[in-house]
Amino acid sequence: MFEPVLLRNMEVPDGHLLATYEAGGGYQALAKALREHTPDEIIDLVKQSNLRGRGGAGFPTGMKWSFVPKRAGKPKYLCCNADEGEPGTFKDRLIMERDPHQLIEGMAISAYAIGAETAYVYIRGEYVLAIRRLEQAIAEAHAKGYLGTRILGSDFSFVVHIHCGAGAYICGEETAMLDSLEGKRAQPRLKPPFPAVEGLYASPTVINNVETLACVPHIVARGPGWFRGIGPEGSPGPKLYCLSGQVLKPGLYELPMGIPLRELVEDHAGGPPPGRKIKAVIPGGVSAPLIPERGLDVRMDFDSLAAAGSMLGSAGVIVIDDSTCMVKVATRIIEFFHHESCGKCTPCREGLNWVVKVLRRVEAGQGTPGDLEQLEALCKGIFGNTFCALGDGAAMGLRAALAHFEHEFVAHIKERRCPFH
Amino acid sequence: MREKIEAAAARYPDQRSAIMPALLIAQKEYGYLPGPVLEEVADILGVERIWVYELATFYTLFHTAPVGRFHLQLCDNVSCMLRRSEDLLGHLEAVLGIERGGTTPDGLFTLSTVECLGACEMAPVMQVGDDYLGNLDIARIDALLDRLRAAAEQATDADLAAAGSAGK
Ligand SMILES: Cc1cc2nc3c(=O)[nH]c(=O)nc-3n(C[C@H](O)[C@H](O)[C@H](O)COP(=O)(O)O)c2cc1C
Ligand code: SF4
Ligand code: FES
């Protein structure tokens, strides 16, 4: 049986309090890290574990940390990406609400590894409860000497601040997040320089997702071999899957990386409502291209999903049953990207505006025979030509919907109505 | 407000970083962010006014126009849409007699649709003030409106005066 670690305090009453966390062995990994390991050794442990970032792109965490220059002559920063704007995703919220110390301990160990003394948690402003719990947890950790100066009698000092976002999906993109933290409009920056070298206030900065950081104490406590022993070699570890949409048991599930999507949806999340069949599943938040029912045997890890033409992304699994119009789903997804486009580059700003207009028309039964070619052409103009991955995500999502459900688009245009209404 | 903003600003090496936290503080204080409040924020932080305007108009949680006493923010992104948030929107529009984006004439309710609230496991979801309300259906929405109306009536005259003068 797989033993959940990230969610082990989820159902525990007062799981958000320090006393509960300590009773479960909390902060012993931090103590161990400070007592037994140099920062370089921690980076090495994380490299050996093969932990890949849980924020979407799956970049190896240990490698990212090793890019931080050892002697920069400037303060270094750790930023925790708790913006969680990807529709279908709610894992980071639940970690912060129910087990915030797990994140704080992970941040302290990570900061020690990269040599940062200050961290900002960039958390979306809507998450009022998570913000309150995290504030409380930071204060508790301070009072107990897990944060602050000379932590646990070592030479390591570290403080964590919360920075609340104000409702813009693009803030989740790491370089836009840095601009937002610097008090500017959140717009992505040109890379290189990469944040590890020149990030917040032009200082070396590591940006990691909440779940990524929450994995770190467990890697230190149980060893990289334990982590690598779970799931596939190329992207191992325990993983949080967010299940939502037309499924009987929506919720947050911790299971190994590489679990078949079908097992996740049908066994763990209870499958579609009675009398319904699954039509398609979005495996990684709306940026991830959807997978039609026949493709559900794919494994849920970075490499398998990429090979299947989709992405693990944020592991926001959205289940769509056969009562749903795919043109409507595609339209709503593109409306989201259009609304959230930061406006910096033309293919995204203008292209998505146009795509939304065409899709709305098709959905309303007013499409014209040339509309599908028009959409293809627009996707071609957007994909690969945008400044950040937001535009790419939108184009990939639409292409998948067009490829797998072309008949539904065609039916809307031919019948001049939505066949589902 | 000044003390709160100054305390927030102490967390950053650069005052410009404190604009966003300062706007959140100011909005809590005044209910929304009219021009003079934006200018006050700029003055407290000693930063360019244009920087403050820039942020107040970029981020969706900042309101430069007044909103109702209770802001009903219904998510209509994919996971909520798949669980029929649309029906709830229709119902809210009908019973409140306003369209999305509107405010009731008594100033009690503003109705908005928002992008994913990050709580899709309890779709359909609505945020009201600081609270998330999930697994919504029409009965729950009606109960909520009754509760909010009752809360508004119970508020003392002093509360109402304070709420009414907010932002003036
Ligand atoms: C448009 C866009 C939105 C993103 N939103 C998030 C987000 O909400 N949370 C997150 O952790 N990463 C998000 N990312 C990915 C981050 O840019 C970055 O890769 C990640 O935070 C790195 O952390 P990790 O290495 O721990 O995964 C987003 C990327 C893009 C392009
Ligand atoms: S792709 Fe869209 S979100 Fe990204 S920089 Fe361009 S306009 Fe902004
Ligand atoms: S889609 Fe509504 S909360 Fe995520």
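Residues numbered from 1 in each chain as written. Chains lettered and ligands numbered in written order. Predicted model: local features only at pLDDT ≥ 70, side-chain atom pairs only at ≥ 80, totals over all residues. Heavy atoms only, no water.

Where an unreviewed UniProt entry is consulted, chain A appears under the name NADH-quinone oxidoreductase subunit F, with the organism given as Aliidongia dinghuensis. Quoted verbatim from the Catalytic activity (unreviewed entry) field of UniProt, the annotation for chain A is "a quinone + NADH + 5 H(+)(in) = a quinol + NAD(+) + 4 H(+)(out)". We quote the UniProt Function (unreviewed entry) comment for chain A here in full: "NDH-1 shuttles electrons from NADH, via FMN and iron-sulfur (Fe-S) centers, to quinones in the respiratory chain." (UniProt positions renumbered as here; feature names shortened; annotations may be inferred.)

Details of the site of ligand 2
Near ligand 2 you find 13 residues, and of these A:C342, A:K344, A:C345, A:C348 and A:C388 are the closest. A per-class count over the shell around ligand 2 returns eight nonpolar, four polar and one charged. (Near = heavy atom within 4 Å. Nonpolar A, V, L, I, M, F, W, Y, C, P; charged D, E, K, R; others polar.)

Some words on the interface of chain B and chain A
On the side of chain A, 53 residues touch chain B, which itself brings 37 residues to the contact. At the boundary of chain B with chain A, total buried surface from both sides reaches about 3,700 Å², with 57% on carbon and sulfur atoms. Three residues stand out in chain B for area buried against chain A, namely B:F58, B:L82 and B:E121, and they jointly supply 18% of the buried area on that side. The interface formed by chain B and chain A contains four salt bridges. B:E115 serves as the salt-bridge partner of A:R332, at 2.8 Å between the closest nitrogen and oxygen. Taken together, the elements giving at least two residues each to the side of chain B that touches chain A come down to α2 (19-30), α4 (49-58) and α5 (78-81) of chain B. Residues that form the side of chain B that touches chain A fall into these classes: 20 nonpolar, seven polar and ten charged. (Contact = heavy atoms within 4.5 Å. Buried area = accessible area lost by both parts, 1.4 Å probe. Salt bridge = Lys/Arg side-chain N within 4 Å of Asp/Glu carboxyl O. Helix = DSSP H or I, 4+ residues; strand = E, 2+ residues; numbered from the N terminus.)

With respect to the sheet that holds strand β1 (residues 77-82) of chain A
All names here are of chain A. Read across the sheet, four strands follow the order β3-β2-β1-β4 without closing on themselves; strand pairing throughout is parallel. Since the sheet does not close on itself, it has two edges, and those belong to β3 (159-164) and β4 (205-209), each with one partner. Shown here is a sheet whose adjacent strand axes are inclined to one another by a mean of 20°, direction ignored. Direction of pairing for strand β2 (residues 118-123) relative to β3: parallel, over a ladder of six bridges. Within the sheet, the bridge partner assigned to Y120 lies in β3 and is H161. The strands that helix α9 (residues 210-222) touches are β1 and β4; relative to β4, the one it contacts most, it runs at about 95°. (Pairing = 2+ DSSP bridges. Axes fitted to C-alpha atoms, helices over the stretch in contact; angles between N-to-C directions.)

Points about a nonpolar patch on the surface
Nonpolar side chains collect at one region of the surface, where A:F59, A:M63 and A:F67 lie side by side and expose about 270 Å² of accessible area between them. Turning to its location among the elements, A:F67 is positioned in the loop between α4 (61-66) and β1. (Patch = residues over 30% accessible without salt bridge, like charges linked within 9 Å, V, L, I, M, F, W, Y side chains within 5 Å. Areas by Shrake-Rupley, 256 points an atom, 1.4 Å probe, with all protein chains shown as cover.)

Thoughts on the site of ligand 1
Residues and elements named next belong to chain A. As a matter of local geometry, ligand 1 sits amid 18 residues, with G55, K64, N81, N209 and T212 nearest to it. A distance of 2.8 Å is found between an oxygen atom of ligand 1 and a side-chain nitrogen or oxygen belonging to K64. N208 is positioned such that a nitrogen or oxygen atom in its side chain is 2.9 Å from an oxygen atom of ligand 1. Taking 620 Å² as the accessible area of ligand 1 by itself, protein coverage stands at 89%. Those elements giving two or more residues to the shell around ligand 1 turn out to be β4 and α16 (389-404). A per-element tally of the shell around ligand 1 places β4 first, with three residues. Here the shell around ligand 1 is composed, by residue class, of four nonpolar, eight polar and six charged. (Polar contact = N/O pair within 3.5 Å; in protein donor to acceptor, adjacent residues only side chain to side chain.)

Quick notes on the nonpolar core
By size, the foremost hydrophobic cluster in this structure holds 88 residues, and its most contacted members are A:I170, A:F337, A:L398, A:F409, B:L23, B:L45 and B:Y59. Ranked by the residues each element gives to this core, the list is headed by helix α13 (residues 326-340) of chain A, at eight residues. Apart from residues lying up to four places away in sequence, A:L398 is in contact with A:A330, A:I334, A:V355, A:L359, A:L375 and A:C379. Formed by 77 residues, the second largest nonpolar core is a distinct cluster that contains A:L30, A:A33, A:A137 and A:V206. (Core = buried A, V, L, I, M, F, W, Y, C linked by side-chain atoms within 4.5 Å. Buried < 20%, exposed > 50% of the residue type's maximum accessible area, 1.4 Å probe, protein only.)

Quick look at the environment of A:V362
Residues and elements named next belong to chain A. Along the chain, V362 turns up in helix α14 (residues 346-363). On the accessibility criterion, V362 (0% relative accessible area) is buried. Separated by 31 residues in sequence, V362 and T331 have C-alpha atoms that sit 9.3 Å apart. Residues within four places of V362 in sequence aside, it is in contact with V327, G367, D371, F409, H412 and I413.

What about the side chain of A:H218?
Tracing the backbone shows A:H218 in helix α9. Apart from the residues lying within four places of it in its own chain, the contact partners of A:H218 are A:V5, A:L6, A:R8, A:Q102, A:G223 and A:W226.

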